[in-house]
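Spelled out from the first residue to the last, the chains are:
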Amino acid sequence: QVQLVESGGGLAQPGGSLRLSCAASGFTFSKYAMSWARQAPGKELEWVSGISSDGSIYYADSAKGRFTISRDNAKNMLYLQMNSLKPEDTALYSCGRGSSWRTSRVDYWGQGTQVTVSS
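Each chain carries its own residue numbering, running from 1 in the written order of its sequence. Local features in this predicted model are restricted to residues of pLDDT 70 or higher, and side-chain atom pairs are both shown and tallied only at a pLDDT of 80 or more, whereas totals for entire chains, interfaces and linings draw on every residue. No hydrogens and no water enter the side-chain calculation; it runs on all heavy atoms of the structure.

Enquirer: Got a sec to walk through the packing of aromatic side chains? Specific residues and values, please.
Expert: Two rings belonging to Phe, Tyr or Trp (six-membered ring only in the last case) form a pair when the distance between their centres is within 6.5 Å. Interplanar angles under 30 degrees mark stacking, angles over 60 mark edge-to-face geometry, and anything in between is tilted. Counted according to the given criterion, the structure contains two aromatic pairs. Both rings, one in Phe-27 and one in Phe-29, keep their centres 6.3 Å apart while their planes meet at 55°; by these two values the pair is tilted. Across this residue pair, the class does not change: Phe-27 and Phe-29 are buried. Plain terms: the ring middles of Phe-27 and Tyr-32 are 5.2 Å apart, the flat faces sit at 85° to each other, and that makes the pair edge-to-face. When its relative accessible area of 14% is taken as the criterion, Phe-27 is described as buried. Members of the aromatic cluster, connected to one another through ring pairs, are Phe-27, Phe-29 and Tyr-32. Counting as a charge over the ring demands two things of the Lys NZ or Arg CZ atom: a distance within 6 Å of the ring centre and an angle within 35 degrees of the ring normal. A cation over an aromatic ring shows up here: Arg-19 above the ring of Tyr-79, its NZ or CZ 4.3 Å from the ring centre. Positioned over the ring face of Phe-27 is Arg-97, at 4.8 Å from the centre of the ring. Using a 1.4 Å probe on the protein chains alone, a residue whose accessible area is under 20% of its type maximum counts as buried, one over 50% counts as exposed, and one in between counts as partly exposed.

Below is the structure:
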(Lines give C-alpha, C1' and ligand atoms only; values in the text may rest on other atoms or scores of the structure.)
Protein backbone atom coordinates (compact mmCIF):
# COMPACT_ATOMS: atom_id res chain seq x y z
CA GLN A 1 0.00 0.00 0.00
CA VAL A 2 2.82 2.42 -0.80
CA GLN A 3 1.29 5.79 -1.54
CA LEU A 4 2.83 9.08 -2.60
CA VAL A 5 0.32 11.89 -3.05
CA GLU A 6 1.52 15.23 -4.37
CA SER A 7 -0.27 18.52 -3.88
CA GLY A 8 0.34 22.25 -4.05
CA GLY A 9 0.64 22.73 -7.78
CA GLY A 10 -1.22 25.36 -9.70
CA LEU A 11 -0.77 28.49 -11.75
CA ALA A 12 2.00 30.91 -10.84
CA GLN A 13 3.35 34.02 -12.49
CA PRO A 14 6.96 34.22 -13.61
CA GLY A 15 8.98 35.16 -10.55
CA GLY A 16 6.34 33.73 -8.24
CA SER A 17 6.46 30.87 -5.77
CA LEU A 18 4.77 27.57 -5.07
CA ARG A 19 5.26 24.99 -2.32
CA LEU A 20 4.73 21.38 -3.33
CA SER A 21 3.97 18.66 -0.82
CA CYS A 22 4.24 14.89 -1.04
CA ALA A 23 2.39 12.82 1.55
CA ALA A 24 3.90 9.36 1.99
CA SER A 25 2.30 6.31 3.52
CA GLY A 26 2.63 2.53 3.53
CA PHE A 27 6.36 2.40 4.30
CA THR A 28 8.96 3.64 6.77
CA PHE A 29 9.45 7.06 5.24
CA SER A 30 12.52 8.03 7.28
CA LYS A 31 14.56 5.12 5.86
CA TYR A 32 14.20 6.16 2.22
CA ALA A 33 15.88 8.69 0.01
CA MET A 34 13.33 10.80 -1.85
CA SER A 35 13.34 12.79 -5.07
CA TRP A 36 11.32 15.31 -7.00
CA ALA A 37 11.20 15.02 -10.78
CA ARG A 38 9.20 16.74 -13.47
CA GLN A 39 7.94 16.02 -16.95
CA ALA A 40 6.73 18.49 -19.54
CA PRO A 41 4.75 17.41 -22.62
CA GLY A 42 7.02 15.83 -25.21
CA LYS A 43 10.03 15.77 -22.89
CA GLU A 44 11.73 13.11 -20.82
CA LEU A 45 11.36 12.87 -17.08
CA GLU A 46 13.80 15.35 -15.52
CA TRP A 47 15.23 14.93 -12.04
CA VAL A 48 14.90 18.16 -10.06
CA SER A 49 16.07 17.55 -6.50
CA GLY A 50 16.63 14.82 -3.93
CA ILE A 51 17.21 14.29 -0.24
CA SER A 52 18.83 11.22 1.26
CA SER A 53 17.79 9.35 4.37
CA ASP A 54 20.67 11.03 6.25
CA GLY A 55 19.62 14.49 5.05
CA SER A 56 22.06 15.08 2.19
CA ILE A 57 20.51 17.37 -0.41
CA TYR A 58 21.04 17.53 -4.17
CA TYR A 59 19.74 19.85 -6.88
CA ALA A 60 19.72 19.88 -10.63
CA ASP A 61 21.43 22.90 -12.14
CA SER A 62 18.04 24.19 -13.21
CA ALA A 63 16.88 24.25 -9.59
CA LYS A 64 19.97 25.53 -7.76
CA GLY A 65 19.39 28.81 -5.98
CA ARG A 66 15.64 28.76 -6.62
CA PHE A 67 14.23 25.53 -5.18
CA THR A 68 14.53 24.07 -1.68
CA ILE A 69 13.83 20.45 -0.84
CA SER A 70 13.02 19.37 2.70
CA ARG A 71 11.42 16.51 4.59
CA ASP A 72 9.52 16.09 7.83
CA ASN A 73 9.95 12.48 8.88
CA ALA A 74 7.56 12.85 11.82
CA LYS A 75 4.79 13.74 9.37
CA ASN A 76 5.90 11.50 6.48
CA MET A 77 6.06 14.57 4.26
CA LEU A 78 8.39 15.72 1.50
CA TYR A 79 8.36 19.32 0.28
CA LEU A 80 9.67 21.38 -2.59
CA GLN A 81 9.66 25.14 -2.16
CA MET A 82 9.92 26.75 -5.58
CA ASN A 83 10.83 30.43 -5.87
CA SER A 84 11.66 32.67 -8.82
CA LEU A 85 9.58 30.47 -11.08
CA LYS A 86 10.17 30.52 -14.82
CA PRO A 87 7.91 29.43 -17.68
CA GLU A 88 10.29 26.55 -18.34
CA ASP A 89 9.43 25.18 -14.89
CA THR A 90 5.99 24.27 -16.25
CA ALA A 91 5.61 20.50 -15.85
CA LEU A 92 3.95 17.71 -13.92
CA TYR A 93 5.94 17.35 -10.69
CA SER A 94 6.16 13.94 -9.03
CA CYS A 95 7.83 12.65 -5.89
CA GLY A 96 9.62 9.33 -5.89
CA ARG A 97 10.94 6.84 -3.36
CA GLY A 98 14.31 5.12 -3.29
CA SER A 99 16.94 7.51 -4.60
CA SER A 100 17.93 11.11 -4.03
CA TRP A 101 19.41 11.63 -7.50
CA ARG A 102 19.06 8.56 -9.75
CA THR A 103 15.61 8.46 -11.26
CA SER A 104 16.36 4.96 -12.56
CA ARG A 105 16.69 3.76 -8.96
CA VAL A 106 13.34 5.18 -7.86
CA ASP A 107 10.98 2.28 -7.29
CA TYR A 108 7.73 4.21 -6.88
CA TRP A 109 6.40 7.51 -8.23
CA GLY A 110 3.36 9.46 -7.18
CA GLN A 111 0.73 10.65 -9.63
CA GLY A 112 2.11 14.18 -9.76
CA THR A 113 0.83 17.72 -9.38
CA GLN A 114 0.72 20.16 -12.26
CA VAL A 115 2.72 23.38 -12.13
CA THR A 116 2.06 26.03 -14.75
CA VAL A 117 4.10 29.23 -14.88
CA SER A 118 2.59 31.85 -17.13
CA SER A 119 1.67 35.52 -17.18
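What follows picks up the thread again.
Enquirer: Can you tell me about the pairing of strand 1 (residues 3-7), naming the residues and giving the values?
Expert: The alternating pattern of strand 1 places Leu-4 and Glu-6 on a buried face and Gln-3, Val-5 and Ser-7 on a face that is not buried. Note on pairing: two strands pair once DSSP finds at least 2 bridges between them. Runs of E in the DSSP output that reach at least two residues are strands. Runs of H or I that reach at least four are helices, and both are numbered from the N terminus. As paired strands, strand 1 and strand 3 (residues 18-25) are joined by five bridges and run antiparallel to one another. The residue of strand 3 that forms the bridge with Leu-4 is Ala-24.

Enquirer: Before we move on, can you summarise the side chain of Thr-113 with the specific residues and values?
Expert: Structurally, Thr-113 is set in strand 11 (residues 113-117). According to the relative accessible area criterion, Thr-113 is buried, its value standing at 10%. Nitrogen and oxygen atoms within 3.5 Å of one another constitute a polar contact, given that in protein one can donate a hydrogen and the other can accept it, and given that sequence-neighbouring residues count only through two side-chain atoms. Among the polar contacts listed, one links the side chain of Thr-113 to the backbone nitrogen of Gly-9, at a separation of 3.1 Å. Setting aside residues up to four positions removed in sequence, Thr-113 forms contacts with Glu-6, Ser-7, Gly-8, Gly-9, Leu-20, Ala-91, Leu-92 and Tyr-93. In this description, contact between two residues means that some pair of their heavy atoms is separated by no more than 4.5 Å.

Enquirer: I'd like to hear about the environment of Ser-25, residue by residue, with values.
Expert: In this structure, Ser-25 sits in strand 3. When near neighbours in sequence (up to four residues on either side) are disregarded, Ser-25 contacts Gln-1, Val-2 and Gln-3.

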